[in-house]
Amino acid sequence: MLIFRHQDGGKIASPEQMQIWMQQTMDWLNGLKATGNFEGKGDGLIFDDAKVVHHDKTVTNGPFGEIKETLGGYVVVKAKNADEAAECAKGCPVLQGEGNTVEVRRLAKGDGVHA
Amino acid sequence: MFRTEYRKIVAVLYRHFGFEQMETAEDIASDTFATAAQNWPINGVPPNPIAWLYAVAKNKAKTAMQRSNLFDSKISPQLETNTHVFIDEIDLSPQNISDSQLQMMFAICHPAIPTEAQVGLALRILCGFGIDEIADAFLSNKETIAKRLYRAKEKLRQQKISIELPSATQIDARLDNVLLTIYLLFNEGYYSISSNKVVNTDICFEAIRLCTMLIECPLTNKPGVNALLALMYFHASRLDARTDENGAHILYNDQDIDLWDKHSISNGALYLHRSANGNNLSKYHIEAMIAYWLTQRTDSKEKWQAVLGLYNKLLQIAYSPVAALNRVFAFSKVFTNEQAIAEVAKLKVKPDQFYFMLMGYLYTEVDNGQAASYYHDALKLAKTKPNEELILKKVNELR
């Protein structure tokens, strides 16, 4: 039924090939952190993605699969305002680590730059 | 064919007429298909139906332009000698169709348009879905959707949003919003509360198609775009396996692995690999890596430790309560259910159905009475029949 195919779709990568790719991807990810290119270093927050918890934004659980597919069900979460988002962020497990912070930002809307 | 050709024609027409004359553009597109619907049953389908549709659309566009020129010249005669009178034909070449669609994507995903409206507009304008199909996907009715789309279009007009690609300096910021809309579109299809499998699957593939368009354009072929495409391919691999012929949901562990699409998984791995460069780590990168592990069903310590590590990273860069709950699920796989329950207690999340389902799961075999009680809380929040049945199945398994 998968009608949508990529041009490379005719070829299927072998599990071994995919494992090599994954390893290289993980190396890249870990390399980023080591060289300090992880944006917003101190608190580990990437500003570009701060919009996920955002005023009036629909926040979904993302296609993670996991519980959704294992236990079923679905959910759409909405944060009415930055305060509610901040309330949510208080539960962030990251906070359990000493010195870690969670930053919640409301982004400027409609200035043509921020989402 | 209707949907594919509709969205092509409408994108070109929109770009030609601009958002000020949105109705004109849509009328022409609808008229074109209405003409086909009248004509084809009587005269038979033409040998080249697409060329036929394009010719009709071109003619109608020409007539519309002539009419508007006539109007202009009557109310403002001084314009009569203006170049405005020159009528160019609309360009339905493949290049222009794809350019128009790409530009429309950026216009619709403009920060001034509310996110929910963006998803609706994307379904209608970029994907060519009918109002009834959109209503079905959102479990809403036609009137509500029509109103919502109308308001969104008003917004496009008021904000005078132009149909063009952003400048090179703006492209990254604007691209973020486009990716978010594609991501939400995919979610809408993948986790839709509607049980219309055909429409839901189509929505997922539309999201993949739009993302592929971004990758095919050198200007927008960025690592984050590749990561999002990888994420969607990994998840799409299970589309065939996750519902039965009656539309009931099949849980991950009960799915027939033979139905997992290997092309889709392979494509996911390919794009994930391509996404692994540059200095920016997006949430799509991490989610795609988590999604990769989901394509490996065998439970191994290695798998769940990797997933837990990725969730920790994800929460650092893009916290959401649901991601936190998903992290707890991975945590329970690495440690024990009891320890995971303690993790949930630290979270202070607002209890929703997702939360109750997780708690029901974690308490299973730790305290079946508690588990049943959590599943019943989840049941109260169920909105559809298949969802209810799924939870009842969980409750029955406790006995």
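Side note on the overall build of chain A
Summing up its helical and strand segments, chain A has three helices and two strands in all. In sequence order, chain A lays out its α and β elements as α-β-α-β-α. Here the analysis covers contacts within chain A between residues at least 6 apart in sequence; of these, 37% occur between residues at least 24 apart.

Thoughts on the overall build of chain B
The secondary structure content of chain B amounts to 18 helices and zero strands. In terms of overall dimensions, chain B has a C-alpha envelope of 85 × 50 × 40 Å along the principal axes. Classification of the 399 residues of chain B by burial places 48% in the buried group. In chain B, once contacts between residues fewer than 6 apart in sequence are set aside, the share between residues at least 24 apart is 61%.

Topic: helix H9 (residues 197-216) of chain B
Each full turn of the α-helix corresponds to 3.6 residues, which orients residues three or four apart in the same direction. Residue and element names in this part refer to chain B. In this model H9 runs 29 Å from its N-terminal to its C-terminal C-alpha over 20 residues, within 8% of the 28 Å that 1.5 Å per residue would give. Those residues of H9 not exposed but buried are Asn200, Thr201, Asp202, Ile203, Cys204, Glu206, Ala207, Ile208, Leu210, Cys211 and Leu214. Summarising the contacts, the buried residues of H9 are in contact with helix H4 (94-108), helix H5 (115-126), helix H6 (131-137), helix H8 (171-190) and helix H10 (223-236).

Comments concerning the packing of H8(B) against H10(B)
All names here are of chain B. Taken N-terminus to C-terminus, the directions of H8 and H10 make an angle of 5 degrees; their axes are 11 Å apart at the nearest point. Taken together, the axis directions place H8 and H10 in an arrangement best described as roughly parallel. From H8, Leu179, Ile182, Tyr183, Phe186 and Tyr190 reach across to H10, where they touch Gly224, Val225, Leu228, Met232 and His235. Here the residues of the contact of H8 with H10 sort into eight nonpolar, two polar and no charged.

Details of the environment of Lys58(B)
Residue and element names in this part refer to chain B. Structurally, Lys58 is set in helix H3 (residues 49-75). Distance in space between the C-alpha atoms of Lys58 and Ala269 is 42 Å, their sequence separation being 211 residues. Setting aside its immediate chain neighbours within four residues, Lys58 contacts Glu89, Ile90 and Leu92.

Some details on the environment of Glu154(B)
You can see Glu154(B) is positioned in helix H7 (residues 142-158). Distance in space between the C-alpha atoms of Glu154(B) and Ile113(B) is 10.0 Å, their sequence separation being 41 residues.

Remarks on the confidence of the model for chain B
All names here are of chain B. Counting all residues, the mean pLDDT for chain B is 86, and 95% of those residues have values of 70 or more. Confidence, read as mean pLDDT per element, is least for H3 in chain B (80) and greatest for H10 (96). Within the model, the stretch residues 79-86 combines pLDDT values under 50 with seven contacts to residues more than four positions away or in other chains. For this predicted complex, the interface score ipTM comes out at 0.73, alongside a pTM of 0.76.

Focus: the packing of H8(B) against H9(B)
Two packed helices can be described by the angle between their axes and the distance between those axes. All names here are of chain B. Where H8 meets H9, the axes come as close as 7 Å, and the angle between the chain directions of the two elements is 160 degrees. Relative to H9, H8 is oriented roughly antiparallel. Here H8 runs over H9; the crossing is left-handed. Together, Ile182, Leu185, Phe186, Glu188, Gly189 and Tyr190 of H8 and Asn200, Thr201, Ile203, Cys204, Glu206, Ala207, Leu210 and Cys211 of H9 make up the contact between the two elements. Among the residues making up the contact of H8 with H9, the classes are represented as nine nonpolar, three polar and two charged.

With respect to unusual backbone geometry
Residues and elements named next belong to chain B. The phi dihedral of Lys160 is positive, around 50 degrees, even though this residue is not glycine. Here Lys160 lies in the loop between H7 and H8. Located in the positive-phi region is Glu365, a residue other than glycine, with phi close to 75 degrees. Mapped onto the secondary structure, Glu365 falls in the loop between helix H16 (353-363) and helix H17 (368-380).

Here we look at the nonpolar core
For soluble globular proteins, nonpolar side chains are generally found buried alongside one another. With 127 residues, the main nonpolar core has Leu13(B) and Leu228(B) as its most contacted residues. With residues near it in sequence (within four places) discarded, Leu228(B) still touches Leu179(B), Ile182(B), Tyr183(B), Cys211(B) and Tyr284(B).

A word on the confidence of the model for chain A
All names here are of chain A. When the pLDDT values of chain A are averaged, the result is 49; 19% of them are 70 or greater. Per-element averaging of pLDDT across chain A places strand S2 (residues 76-78) at the bottom with 33 and helix H1 (residues 15-34) at the top with 85. Below pLDDT 50 for its whole length, residues 36-65 participates in 86 contacts with residues either more than four positions away or in separate chains.

A few points about the environment of Pro223(B)
Residue and element names in this part refer to chain B. Note on placement: Pro223 falls in helix H10. With 19 C-beta atoms counted inside 10 Å, the residue Pro223 sits in the partly exposed group. For the pair Pro223 and Ser100, spaced 123 residues apart in sequence, the C-alpha separation works out to 23 Å. What Pro223 contacts, discounting residues up to four positions off in sequence, is Ser275, Asn277, Gly278 and Asn280.

Here we look at H8(B)
If you check H8(B), its first and last C-alpha atoms are 28 Å apart, about what 20 residues at 1.5 Å a residue would give, namely 28 Å. The element H8(B) is extensively covered by neighbouring structure, given that 16 of its 20 residues are classed as buried.

About the criteria used
- Residues numbered from 1 in each chain as written.
- Chains lettered and ligands numbered in written order.
- Predicted model: local features only at pLDDT ≥ 70, side-chain atom pairs only at ≥ 80, totals over all residues.
- Helix = DSSP H or I, 4+ residues; strand = E, 2+ residues; numbered from the N terminus.
- Contact = placed C-beta atoms within 7 Å.
- Buried ≥ 20, exposed ≤ 12 C-beta atoms within 10 Å, placed from the backbone.
- Expected span 1.5 Å × (residues − 1).
- Axes fitted to C-alpha atoms, helices over the stretch in contact; angles between N-to-C directions.
- Parallel < 35°, antiparallel > 145°, perpendicular 65-115°, else oblique.
- Nonpolar A, V, L, I, M, F, W, Y, C, P; charged D, E, K, R; others polar.
- pLDDT = per-residue confidence, 0-100.
- Left-handed = near helix turned anticlockwise from the far one by under 90°.
- Core = buried A, V, L, I, M, F, W, Y, C linked by C-beta atoms within 7 Å.

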